[in-house]
Each structure stands twice: as structure tokens, then as C-alpha cells.
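Listed below, chain by chain, are the residues.
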Amino acid sequence: MILRGLWERRTLSLVVLLIAIVPIASAAVGPIYAAAARTTIAREALAAAPVEGRGWRYTTTEGDIEAKVAAFTAGADFTTAPSYGMELSSGRRDDERAFSLVWQDGQCAHLTLAEGRCPRAGGEVMASQTTGFAVGETVELTTVMKSGPGSTGRESAPLTVVGLYRPGSAADPFWFGRTLFSPTGEPSANKADALFTVPQTRLDTYIVSSGVSIGSADTSGGWTDYAVIGIDPARLDGADLDRLSAMQAAAEAAGRDSQVIVFSRLADTLKVMTANADALGVPTLLVIAQLVGLGWMLLFQTVGDLVRARGPEIALARLRGLRRTRVWLFALAEPLLLLAAAVPLGLLAGHVAAGAMIGALLPPGIPVAFPPTAALAGVAAMLGGLLAAGPVAWRVATRPVTEEWRRTPRRSARGWVLDAVVLAITALGLVELLAAGVLTDVSGRGSSAMAVPGLIALGVALLAGRALPVLTRRLFAVTRRRGGLGPFLALRQVARGPVTAGSVVVLGAAFGLATFAVSAWSATSGDYAETARFHNGAATAITVRPVEPRKLIAAVAAADPGGRTAAPVIMVPGPPQLVAADPARLAAIGAAWRPALAGGTSLEQAAAAVQGPRSPRVWVRGDRFRVRLQHDLPPEGWRIRMSAVFRVPGTLRAARLPLGELSGTSGTHMWNLPPACAREACELRALRGEPVPPPEYREPAFVQVTVAGLAVREQGRWRSLELPSWRVDEDPDARDGTFAVTYAGNQTLRPDTYAPEPAAVVVGPVGRKAVPGLDNSYAMPVRAAVASAAGPGLTDAGVLMDLEQADRIAYGVHEKAVHQVWTRLSDTAGLERELERQGLSVVSRRTVTELTASFTGQGPGLALLLLLASALAAAALALGRTVLALHTAARRRGYELAALEAAGARVAALRIALLLEQVITVAAGTLAGLAAGLLAAWAALGRIPQFAAAPVTPPLPHQVAVAPVALVVGAALLLSLVAAAVVAELLLRGVKVERLRDAPA
Amino acid sequence: MSLVRCDGVVQIFRAQDVEVVALRDVDLTIGAGETVALLGPSGAGKSTLLWLLAGLLRPSAGRLWLDGADLGRLDQRRLDRLRATHIGMVLQNPARNLIGHLSAAQNIAFAQRAVRRDRRRARELLARVGLADAADRPAGRMSGGEQQRLALAVALANAPKLLLADEPTSQLDEESGRRVIELVRDAAGDGTTAVVVTHDPAVGEALDRTVTIRDGRVGAEGRRGEDFVVVGREGAVQVPPEYHHLLPPGSMARIEELEDGIALRRAEP
């Protein structure tokens, strides 16, 4: 019977089913999408982490490594198979270097063989080319003793070199960030590159330390066992974060009561993951809550329509004497069945929709999971429909039966209680939002304020639903006198029709949320693009391996001789941050800049303002350096050691050359220059003295030293250098090459090649703070040539200065400094080839688009995407539901329309009446939604979170793009008009005078 | 013994600020097994009286007994129960009595829900109304006459003591109407009291008694082919319209006392 009834009312039943499916699907989409977004966050954080942040190195000296690792990784299906290894450190007789004897499973595949072969048997090793060993040579380590029959127990075990390898990249994840060999190919004097062997060596030897045997062939003592446990991004998902945290906590606690050390930088990776995941949680929940709320409202009305459509049957049930509860259940039967059917269908639709969204919005390869919370959310959404159906069915079941047989239903006044509650909550949320300012905490506080968009949409819709009948009643009086029958009938129906108010509320709320979603998305997309533009610096930022600034500048100049495509940049994190770039090229490549943020100053003007003096630098090329000094007589007992500081090609740090001690009142001091200075010019950066006091002294030393001459020896011939103009950092007035060597307040003499306070574009509250400089030494403040609210490459307060100046000031380049080439190009393949040709090594590249996409992939961005997609779908559904409700209401007035036609009313007038009624209702709802959405955007934009971590700079414009909003509203209005015209025609066809015979008593 | 007794029943409808008196001091007694036609012009209050008898409305004043139960004082549960067991009702539009997508048998079963499912009675009823072969046919696909007969079968589904029918022949042809009246009489033969609202003189003639309602009052009664005016509570008598040419409304009359009553004569003051 229920199924027959559903078939009888198939159109309405289908609509109820569809409308029930949407909130269930929306509710299910949230958790599915959130789970995928969390997976994205986890995987992206993992991908961005250094190799040590992508796993653990588990080490133990207690043996039984496999069992320990198995216990550590138990239950974690996202870890890669452990890569086991063992190692020990030892010295070598007559060799200052320390050696590591290492085996790691699969090592041969990660070592580049230069000669010989990989070790296969115990006692065989493979050595680095840099060790100086030859294939066939025997190496004996002081702690590795021969074991086995015939050995005395005190003989070093001979390790035969069977192969030589070329040091590979330490960045190879296989080595887990270890420095088993020097990545530059220049191992230090204290540590040799590792010797690689096989596990059998452990069985054939035993280990002694300081003459004490600590291990033998059958124990693990002396050797350190280790396992590298990686995390497989393809198997890691958002739900693993808790397990990952637990593993990291276990790793950190491991060494407390055992000889286990777990090394990892996963804690940093976890911090990033957790921060982003937290930023996703609350906004997503709120988005889902608002959409489900909207779905409930739609359900409430549509389920009510379905129950009311069964009014005659329910009246018959009453007439036949069924008790009220049975009538109520009878009335509920069909909606309940539909809602029950909607749950699996909604969950399926949610899964499919979430899959589509995940496929379209998230990076490829993210799995579409179905967490239990999705099913729970779907069922909870369905309960909203049940809550709607219950009271409506009860009302229909208990209202007087005779009401059902009235031709024109009595007007029932809508209560104010619900409206008052919604409006009060809206007002409170709005006040909280406006008072709170920017919400930076997205983990839960301010949640009610973040719900304001939905509340405003609902509040404005409720007011519009109240206002429209009042307005039309006023116009109704006008149409009584003139305007024709059509407008008269339309306005009368709008003024008295209960469907009108409900439709306006639903449409207003749905379009309010949709308008807000579109506005928020367009504004946030703009904010993302603006932020990405400034943070990236230019269209594409190519990161290259660190080289000395001069080489970077020269390489870029050679790769882009026109100076309009690329600009060299070195960035130091600070704070304050430092971006050092070629200002002229920066302006030419269209680096991120906005004159409005810099008091109207253009980038070209700013570039011109930050360029420093170009006084000549002191270049020396040769094998020996000489300086002639005149000075005070050093105090008795004091030794004054002189040194010169040079920038040497191929190194990032300055080289300090000892020049000997002062004696008498003058002297010539010389020292060999680094070998690189013979091939390429080195730069003299400073001269200074170091006073070494006697064991006892009465007064501190104060020796004034004047540089009288400089010379360099090249190919056996000395060449005098022109003395530059000098400056002393600690005494700006000293310009004649004289400086003081003292125990306190020692001075440094430097060629005067830069401004003491270099000009810079200053972003944020930098003031007189010392900026890091390329060498991160925080030596001096800058002069604010231009103050701007944002600068290219700056993500926080910082300065933009001339790279040439920064290079002249700094003694070297700090390891934290990031070397980049900025370009206006998006396809950088050609430029990168040119840069590689000029000796630069490209590490990575990042475009503004990619950075924008990464912002979109953060928690708030993902939540906004969810809101956008779902709100648009809900708005379309609300429109459909409204048209259907108007159609149903008009059909119920068929008798009245037939009577009008019988009384002589023309069809054209009836057409106008039907058309106008629907257009007024739909347009009022849509426009109320537009107003509500824009109001919500005005109130909420700039206050709700857009980024996982709000950027300090640039200031976010929050500019709502007119076109998408106009497109949504325009499309809605157009669809409304078309739907209204079609519905009016369908209704007119059903208006027949014969229907009057159907009249009840 | 009376099955229905109305004692000074008043029914007032309130719509916004307007009060409409539908029935005024209606006194009426209907005996068990009696068939009564309620006559009267549109808007006189016939349907209202029928709804009151069905317990769908509660009288604004006065009392109404059905089989000894005061309908106005029954709670909703007992009223529903009484309606299920004692009352069968046929609404004016045949289709309105039926659930169109259910078969004839299912419609009867639906009416039996509140009491007891009795398939044999359902079959008997369908046979009695001539729809034995249409038991599985959806009610919505039946002709008007068939629907009205089925509506009658549905109303009789629980063997009610009181059958109420509102214009059961108004949309039927003569033959169908005649069959419906026969069915009503048959039901009365089984002991069911029938009250039928009708404009159809043939229906009035076919039933035991007619009660004419005018302006919310019982104006006249007819028994065995003879019409009587009814003297109301305050001694009011409604002059039947057919005598209005002798005593037009608004005219004055003299009362002449007779041995067994009074005579009204037009007076010209």
C-alpha cells in the first residue's frame, strides 16, 4: 500500500527522495572529503619534509633489532619495509681520520661504483675514492680484530678493499640524511668516508674498545644495529595521524630505559600535519553543519508537502475511526520509507560526489575512503527529515477532518518563536564576529562567529519571508483599482499564500549561502593569488644550489643578458627577513609589487632607491698575499696576531688568512692564498688583529695599525694593489686605513665598498632592528628608502635590498640562505638550461599557481571548496523545490482558477497571474539571498580563517569578484523565469471548467 | 428505541471575526433501523448536521446522543472508536471516499483497519454492491456509479449502526442512483439506521422519513408521503416555501384556534 501510494505521488515522492538525499549526501561528503583532505595534508607535509622528517632511524646496541622494529611498527601499515644495517666507528693506525664500517641492506644499489666491485664476503670492504685506498689494498681498523681459528685475539682483522665508490648524494632517502660520505667530495681531515662491508664481517671479527673486548663474533656487542623505517606517502592517510603521533612519542621515549636511540625529525613534520589538520576540522564541520541545516529546512518543507499531499487519505483514516497515533504512523509511513531509502542512496551519492570533488580539487592519488563518521553524519542528517516529518504528520493527523474538505484552506499564522530564536542567535554571532576581529584560532573558539554566514542567510531569509506578504498586501490595494486581473490575482496569492513565505525563506537561505560561498571563494582565491604572488616573489621562483652571490649574479646575467627575464635573489629567513636581489632586474621581471601598498612608489622607483654605491672592490688573484703595515709598538708581553679575510670562489664562507704577528712599528706580512685564488679572483673583505695578552699584564693593549700597502703574487711576480678607500665598522670616521687592535672594542678594517646603513624597502615593523645579512650575522640596520606593506619574497616583516650591497656587506653566505632565480616566465625549461650552462644547479621551481594551489590545499581552503560546491548544489535544489511547491500550491487552487475561467476571466490574465506569482516569489527569494550573501561576506570576510597560518604580509584585499556572484544570481533568476513560464503553462492546461463539477458540499 | 437523539443542537462556525450560525436548536430523534432523508436548500446546514452525527464536529451547544453515548462528552479516543464501530459515512464526491490507487477490496480493508479485518464481509459487501468481479480493480479506474457503490460498501465495512450519506446520488445517472438507494434500503433492512443528505426527491420518497432543514432549523418532516411542519422549541413554525404565495415572508397572519390545532390566516392591518 505504501509503495502504491508512493507511486501514486511519484513526482513529489521523487522530489522528497532527492531532497532527502542531498543533506544526507552533504553530511556524508564532509567527513569523506575531510578524511581525504587530511590525507592530502599528511602526504603533502611528508613530501615537503626533509628525509629525516619522513621516517625514523632506529638504532640499538643490544641486538635483536628485527623484533624491536617489529614492535615499534606494529599496527602501522603505512611504513615501508625496514632497511636494516649495522655500523661501527674505528680509528686506523697512523691515520688521523675516523672510519665508519657500515653495512646497509641494499647499499650497492645506492653507491656509484668507480672501480672494482661491491663486497660479497666477510672481510671485504668498498671504500670511497676520497679515502686514497686502492682496490686490493688491505685496511686494518684499530677496533676490529681477527676472530676464528688460529687467531691470537689481538690481531687486527684485515679488510680487503674490493671496490671504490664515488660519494653519492646524501639527499638519497636511502641514507636517511646521514653523512656517511662528504657530499662535496671533500671529506674533512678528521673523518673519512664510510667503508662498506657485508654482515659476514661481523661474524668473522670481534670488536675491542680501549683494549677491552666488548664483542665477539656471536654477539652484537660493539656493532650498532640500525633500521631505517620510512613512511610510504601512498599508504599514509589522514586517519594515521594519531598512530603516527603515538609512534613518534614512543620513539622519543625509547632511549629512557634501553640502549635504543630513535633519530627522526618527524616531530616537525607532525607539527605541520597537525596544524593543517586542525585548521581543516572546525571550518569543515561548520560548513557541513550549515549545509545540513539548509538541507533540513528543505526537508522540513518538502516532507511536509508530502504529508499534506496525503491529506485526503489521512482524513479518510480519521473518518474510518483510526486512532490518532495510528493515523500519525499512517501519515508517517511514506516519508519514513523515503527517508530510509534516502540513507543508502545519500551515502552512495555522497561517496560519489566526494570522489568527484576529491578528484577535481585534491592532488591525484588521494584515496576516497568512507569513514564511519560519514555514515553517522548521513544518518544524523536523515534524522532532520524525521524531525520534520513527525510534527507535520501529527498536525495533519490531528487537525479537524472537515478542514481537509474545505476548498480554500484557512490561513494559519506563522509563529514568531522560531524566527525570534534564529534572529537572536544570528545577532549574537554577528556581534561576536565583529567584536572578535580576525579569527586566527581555527581549532574551535569563535565557532559561533564562523557560523554567522549561514545564520545571516537564514535570518535575512526569514525577514524577507515576513516582509514579502506585507509589501504585496500594500501593492494588492493598488491592483484592485488598476493593473488588470492578472497582477491582482498574483499579488493576492503572494500576500496570503503560505507557500510564498516558506519558499522565500528556503530560497533566501540557500541563495544566501551560495552567494556567500561564491563571494568568499572569489575573495579568498584573490587573497591566495595575491599572497602567492608576493610570497613567491615573481611568476616562477627557481631554487638553485647555493653559490657565492657574485657567481649567482654573473650566471643570471649570462643566462639573461637582456635583463628582462630573470633576477638573482638570495633570501635569509631572519627575523626580520632579508630578500637580497638585483633591483633593476626585479623591476624588469615584474616582481610582486603594489604601489598602493608603498605610498604610490612604483617598483622601478623602489629599485632605484635601494641601489647602493658601486665603489671598486679589492680583487686579488694569485698564490700569495702581502700587506705592509705601520703600527704602534705592541705593549710588552702582548702578541698581536694579524689576519686577512677573503671571499674565495667556490665557498660560501669567508676564508681567514693568518698574517703573522706584529713586531716593532712596521712590517710586511704575507701568507699563501687559498689555491682557488690562483684560478679565480678572491676578494679582500677585511683586515683585523687579535691581541693575545701575556699571563699577567697591567694595562690592556691598544695598537693602532695602518695599512700602507697591498700586493699579490701571481705567477711568481708581486703586483701592488691600489689601496682602496677604507672604513672601520666600529669607527665610521676612520677612512685612512688605520684601525685599532685592542682587547676590548677591537676594530675591523674593511674596504669601503658599501653604505654603512644600506637602503632597503622595509616591510613591517623593522625599525632599527639589525637585519641578518647574507651571512646571518645581524651586523647592522637598514635605512628605509621605501616603506611598503608588502614586498616580493617576504612572508613576514623584513627588508628587500640590493644583492650587490648585501654581498659587499656580508662575510659569506649563511647555510640558511636560499638562492633563487626569479623569472617572469611560467615555462622555465629554457632558462633553467641556460642557468645550468652557467654553472648553477637547479634544485626546484615553484610557480605562483603552485603556491596558490598549496594555499587552496590547506584546511580552510579545502573547507571553503566544500562550501562552494555544496552550497551551489543546495541552491539549485532549493530553486527546484520552490518551483515544485508553487506548482503544487497552484494546482490545489485549480478549482478557483476553473471558477474564474468559467466566470469569464481570460486565459491571458490567468497566465499572467500564475507567472507573476512565481516570478515574484522566486525573485524575492533569490534577491534576499543575494543581499544576505553579500551581507555575510561583508561581515565575515577577513574574519574567518582562510589560511592555516594567517600571513603577516601582504595585506589581504578580500575583494569579492562581481562576475561569479552575478553569474550565480543571474543564472538563478533566468532559471526561475524559465521554470515559472513552464509551470504556468502546465498549470493552465489543467484548468478546466469541468472541474467545477468536482465540488464538495 | 432511538439510535440518534439531538437535543437543542447549535453549531456556530467562527471565521476570523465573523460568526455563522449553521444550526439552531435542532431537536431530532431517529429510531434504530429508520431511514431518513435530510432535505433542504444549499447552506441550510444539512452537511453540518451530518458531520455532527459522524462525530467530526462537536456541537457548540446542545447535546447529541448516538446509541446512548453523548458525542459531545466523549474524549477523542472514544469518539474515534465509536466512529469506527458505529458509523459508516459516504461523502458527497464518490472519489473522495476512496483511495484511488488501492483496489476495491483494499479500500474496504482500509476501512476495517480500526476494528477487525473481515475478508468474508468484504467479499459479501462487494457482491452486494455488484462489484464482486472488480475486487482487485483500483478504485480510481472505476466509473462514478461503481465508485459510489464501492463507497457505500466501504461505509458498511464494519456493519455500522448508523450510515450517513451525503448526496450519494448527486453525480450519478438515474439507474446508478436507484441502485444506490436500494443498497441503502438493504442496509436498513439489516438494522442499520441511515441518514441521507439529498436534493433528490426520489431519494426522499424511497426512505421512511424526510427531515427538511431550513435556516439551520428542522422545518418539516415527511412520513409516508405526507409532509408536516415541525413546531420548534419556542413554538416557531416555518411556513413551507410552497405556501409563501399565501403567507409571504414578512407578512402578518391571524391565528385561529381549532380543536386540534391552529390556523394561520393572512391579515391586512
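Criteria and thresholds
- Residues numbered from 1 in each chain as written.
- Chains lettered and ligands numbered in written order.
- Predicted model: local features only at pLDDT ≥ 70, side-chain atom pairs only at ≥ 80, totals over all residues.
- Helix = DSSP H or I, 4+ residues; strand = E, 2+ residues; numbered from the N terminus.
- Buried ≥ 20, exposed ≤ 12 C-beta atoms within 10 Å, placed from the backbone.
- Contact = placed C-beta atoms within 7 Å.
- Axes fitted to C-alpha atoms, helices over the stretch in contact; angles between N-to-C directions.
- Parallel < 35°, antiparallel > 145°, perpendicular 65-115°, else oblique.
- Left-handed = near helix turned anticlockwise from the far one by under 90°.
- Nonpolar A, V, L, I, M, F, W, Y, C, P; charged D, E, K, R; others polar.
- Pairing = 2+ DSSP bridges.
- Core = buried A, V, L, I, M, F, W, Y, C linked by C-beta atoms within 7 Å.
- pLDDT = per-residue confidence, 0-100.

### Concerning the overall build of chain A
Next, step 1: Looking only at helices and strands, one finds 26 helices and 31 strands in chain A.
Next, step 2: Across the 1001 residues of chain A, 49% fall into the buried class.
Next, step 3: Long-range contacts, defined as pairs at least 24 residues apart, comprise 81% of the intrachain contacts of chain A with a sequence gap of at least 6.

### Points about the packing of helix α7 (residues 311-319) of chain A against helix α8 (residues 324-361) of chain A
Residues and elements named next belong to chain A.
Next, step 1: Two numbers describe how α7 lies on α8: the axes approach to 10 Å, and their chain directions differ by 160°. Between α7 and α8, the interaxial angle falls into the category roughly antiparallel. Between α7 and α8 lies a crossing whose hand is right-handed. Between α7, through Ile-314, Ala-317 and Arg-318, and α8, the contact on the second element is made entirely by Val-327, Phe-330 and Ala-331.

### Some points on the interface of chain A and chain B
Next, step 1: Residue-level contacts link 18 residues of chain A with 24 residues of chain B.
Next, step 2: Put simply, the parts of the chain that give the side of chain A that touches chain B at least two residues each are α1 (2-8), α7 and α10 (401-404) of chain A.
Next, step 3: No other element matches α7 of chain A, which puts four residues into the side of chain A that touches chain B.
Next, step 4: Among the residues making up the side of chain A that touches chain B, the classes are represented as eight nonpolar, three polar and seven charged.

### A closer look at the sheet that holds strand β29 (residues 798-802) of chain A
All names here are of chain A.
Next, step 1: Taking strand neighbours across the sheet as the criterion, the eight strands line up as β28-β27-β29-β15-β14-β30-β13-β31 in an open arrangement whose pairing is mixed. Each having just a single partner strand, β28 (783-788) and β31 (842-847) make up the two edges of the open sheet. Across the sheet, the mean angle separating the axes of adjacent strands is 25° when strand polarity is ignored.
Next, step 2: Contacting β14 (566-572) and β30 (818-823), helix α16 (residues 549-559) crosses the sheet at an angle of about 155° to β14.

### Some points on the pairing of strand β13 (residues 540-544) of chain A
All names here are of chain A.
Next, step 1: The buried fraction of β13 amounts to four of the five residues, a majority that puts the element mostly inside the structure.
Next, step 2: In this sheet, β30 lies alongside β13 in antiparallel orientation, the contact comprising five bridges. Residue pairing across strands places Ile-542 opposite Val-821, the latter belonging to β30.
Next, step 3: As paired elements, β13 and β31 share five bridges and run antiparallel to each other. Its bridge partner being in β31, Ile-542 is matched across the sheet by Arg-845.

### Remarks on the nonpolar core
Next, step 1: Counting 285 residues, the largest nonpolar core has Ala-20, Ala-461 and Ala-510 of chain A together with Leu-38, Ala-153 and Leu-164 of chain B as its most contacted members.
Next, step 2: Residue contributions to this core peak at 23 residues, all from helix α2 (residues 10-48) of chain A.
Next, step 3: Those residues within four positions of Ala-461 of chain A in sequence are excluded, and the remaining contacts are Val-504, Val-505, Gly-508, Ala-509, Gly-512, Ala-928, Gly-929 and Ala-932 of chain A.
Next, step 4: Listed in part, the 62 residues of the second largest apolar core include Val-572, Val-610, Val-761 and Val-782 of chain A.

### What about the confidence of the model for chain B?
Next, step 1: Here chain B shows a mean pLDDT of 87. Residues at 70 or above account for 99%.
Next, step 2: Model confidence for the complex is summarised by a pTM of 0.68, with the ipTM given as 0.87.

### Section: the environment of Ala-686 of chain A
Next, step 1: Along the polypeptide, Ala-686 of chain A turns up in strand β21 (residues 682-692).
Next, step 2: Setting aside residues up to four positions removed in sequence, Ala-686 of chain A forms contacts with Val-645, Thr-748, Leu-749 and Arg-750 of chain A.

### Focus: the sheet that holds strand β8 (residues 193-197) of chain B
Residue and element names in this part refer to chain B.
Next, step 1: Taken in spatial order, the seven strands of this open sheet run β6-β7-β8-β3-β9-β10-β11, and their pairing is mixed. The two strands at the open ends of the sheet, each matched to only one other strand, are β6 (87-90) and β11 (226-229). Along the sheet, successive strands turn relative to each other by an average axial angle of 20°, direction set aside.
Next, step 2: Where strand β3 (residues 35-39) and strand β9 (residues 209-214) come together, four bridges link them in parallel fashion. If you follow Val-36 over to β9, its bridge partner there is Arg-209.
Next, step 3: Most of the contacts of helix α6 (residues 174-189) go to β8, to which it runs at about 155°, and overall it touches β3, β7 (162-166) and β8.

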